[in-house]
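Survey of secondary and tertiary structure
Here's the letter readout for the chains.
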Amino acid sequence: MLHHSTYYTLKTDTILTHQSTQYSISDSEDQRVAAFEEDSSTSSHWLNHALKLFNLKQMTSLHIKLLSDRQEVLAHIYRKKGISSDVSIQTADSIYHLRFKGSVSQKITAESDGETLFEVNGKNMASDFEVKTGERRIATIQKRSIPAPTTKEAWLSGDLYHIRGHEWTEEQAILLLCTALMIDLTYHHK
């Protein structure tokens, strides 16, 4: 079960590009409540390494797990090898899809069984995103740099994603966290 909050931060824990992807998720009290970890099946696959070597990271396959603070698997994120950035999110109860509408338009839709759950619209070079269900805004996702005292620390510290909103169901919270992760991997993690 995901720790309930209306504010999360998502921070990269991975420093080197050849490492498996790892992110920590914290709540409003800055307590670590969950994490994303790339499964070894995709991080160590030889074809993924070859695609990364030729700067084709967007074409690699992905299998990332969302883990609770007790290391329970809350969701799996899958992306097949190829051109598409679209991903499937599998929880214990359902399968969801995040569909990316192009790198310039910065539009993402979350769907389940053909029904749109929410739409995400980006602006400011994919730094600010607004999440809406119909006409109602349910969240914002913002990418910001982590303040650091030196240039070297700034280069290694990565970025921080702020996910803010009102009341979410656990399903919405999981989908919003997965969306923030995929925003980083699709638009910023080149």
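It should be emphasised that the depicted structure is a prediction, and the values quoted were computed from it without experimental measurement.

Okay, the side chain of Thr91 next. Here Thr91 is to be found in the loop between strand 6 (87-90) and strand 7 (95-100). Apart from residues no more than four positions distant in its own chain, Thr91 is found in contact with Leu74, Ala75, Tyr96 and Ile174.

Now for the layout of surface pockets. What the second largest pocket holds in volume is close to 180 Å³. As for the second largest pocket, its lining consists of Val73, Leu74, Thr91, Ala92, Asp93, Ser94, Tyr96, Glu170, Glu171 and Ile174. Elements supplying a minimum of two residues to the lining of the second largest pocket: strand 5 (73-79) and helix 4 (170-188). It is helix 4 that contributes the most residues to the lining of the second largest pocket, three residues altogether. For the lining of the second largest pocket, the per-class residue count stands at five nonpolar, two polar and three charged.

Positioned with a positive phi, Asp30 is a non-glycine residue whose angle comes to about 65°. Counting through the fold element by element, Asp30 comes out in the loop between strand 2 (22-26) and strand 3 (32-38). The exposed category is assigned to Asp30, whose relative accessible area is 61%.

To continue, consider the pairing of strand 11 (residues 136-145). In this structure, strand 10 (residues 128-133) lies alongside strand 11, joined through six bridges in antiparallel fashion. Note that in strand 11 the partner of Phe129 across the bridge is Ile141. A loop of two residues connects strand 10 with strand 11, the two strands running antiparallel in sequence, and Gly134 in this loop sits at a positive phi of about 65°. Note: strand 11 against strand 12 (residues 159-165), seven bridges, orientation antiparallel. For Arg144, the partnering residue across the bridge sits in strand 12 and is Leu160.

For strand 4 (residues 62-68), the tally of buried residues reaches six of seven residues, placing the bulk of the element in the interior. Across five bridges, the pairing between strand 3 and strand 4 is antiparallel. Its bridge partner being in strand 4, Ala35 is matched across the sheet by Leu67. Counting the residues between successive antiparallel strands, the hairpin from strand 4 to strand 5 contains four residues, one of them, Gln71, with a positive phi of roughly 65°.

All right, on to the environment of Asp86 then. Note on placement: Asp86 falls in the loop between strand 5 and strand 6. The exposure class of Asp86 is partly exposed, given its relative accessible area of 25%. Sequence separation between Asp86 and Arg99 is 13 residues; the distance between their C-alpha atoms is 4.8 Å. Asp86 has contacts with Tyr78, Arg79, Leu98, Arg99 and Phe100, leaving out every residue within four places of it along the chain. Within the local environment of Asp86, its side chain forms a polar contact with the backbone nitrogen of Phe100, the two atoms lying 2.8 Å apart.

Moving on: the sheet that holds strand 11. Taking strand neighbours around the barrel as the criterion, the 12 strands line up as 1-2-3-4-5-6-7-8-9-10-11-12 in a closed arrangement whose pairing is antiparallel. Going across the sheet, the axis of each strand differs from the next one's by a mean of 20°, ignoring polarity. Lying over the sheet, helix 4 contacts strand 1 (7-12), strand 2, strand 3, strand 4, strand 5, strand 6, strand 7, strand 8 (107-112), strand 9 (115-123), strand 10, strand 11 and strand 12, oriented at roughly 35° with respect to strand 7.

Here Ala110 is to be found in strand 8. When the C-alpha positions of Ala110 and Leu98 are compared, they lie 4.6 Å apart, and in sequence the two are 12 residues distant. With residues near it in sequence (within four places) discarded, Ala110 still touches His97, Leu98, Glu115, Thr116, Leu117 and Phe118.

Another point: the nonpolar core. Of all hydrophobic cores here, the largest spans 45 residues; its most connected members are Tyr8, Leu10, Ile25, Phe36, Ile77, Phe118 and Ile163. At 12 residues, helix 4 tops the list of elements feeding residues into this core. Sequence-distant contacts of Phe36, that is, excluding residues within four places in its chain, are made with Leu10, Thr21, Gln22, Tyr23, Ile25, Ile64, Lys65, Leu66, Ile77, Leu177, Cys178 and Leu181.

Definitions and limits used
- Residues numbered from 1 in each chain as written.
- Predicted model: local features only at pLDDT ≥ 70, side-chain atom pairs only at ≥ 80, totals over all residues.
- Heavy atoms only, no water.
- Helix = DSSP H or I, 4+ residues; strand = E, 2+ residues; numbered from the N terminus.
- Contact = heavy atoms within 4.5 Å.
- 1 Å grid on protein atoms, 1.4 Å probe; cavity = no way out; pocket = protein on both sides within 12 Å on 5 of 7 lines; lining within 4 Å.
- Points joined across faces, edges and corners; volume = space filled by probe spheres on them.
- Nonpolar A, V, L, I, M, F, W, Y, C, P; charged D, E, K, R; others polar.
- Buried < 20%, exposed > 50% of the residue type's maximum accessible area, 1.4 Å probe, protein only.
- Pairing = 2+ DSSP bridges.
- Polar contact = N/O pair within 3.5 Å; in protein donor to acceptor, adjacent residues only side chain to side chain.
- Axes fitted to C-alpha atoms, helices over the stretch in contact; angles between N-to-C directions.
- Core = buried A, V, L, I, M, F, W, Y, C linked by side-chain atoms within 4.5 Å.

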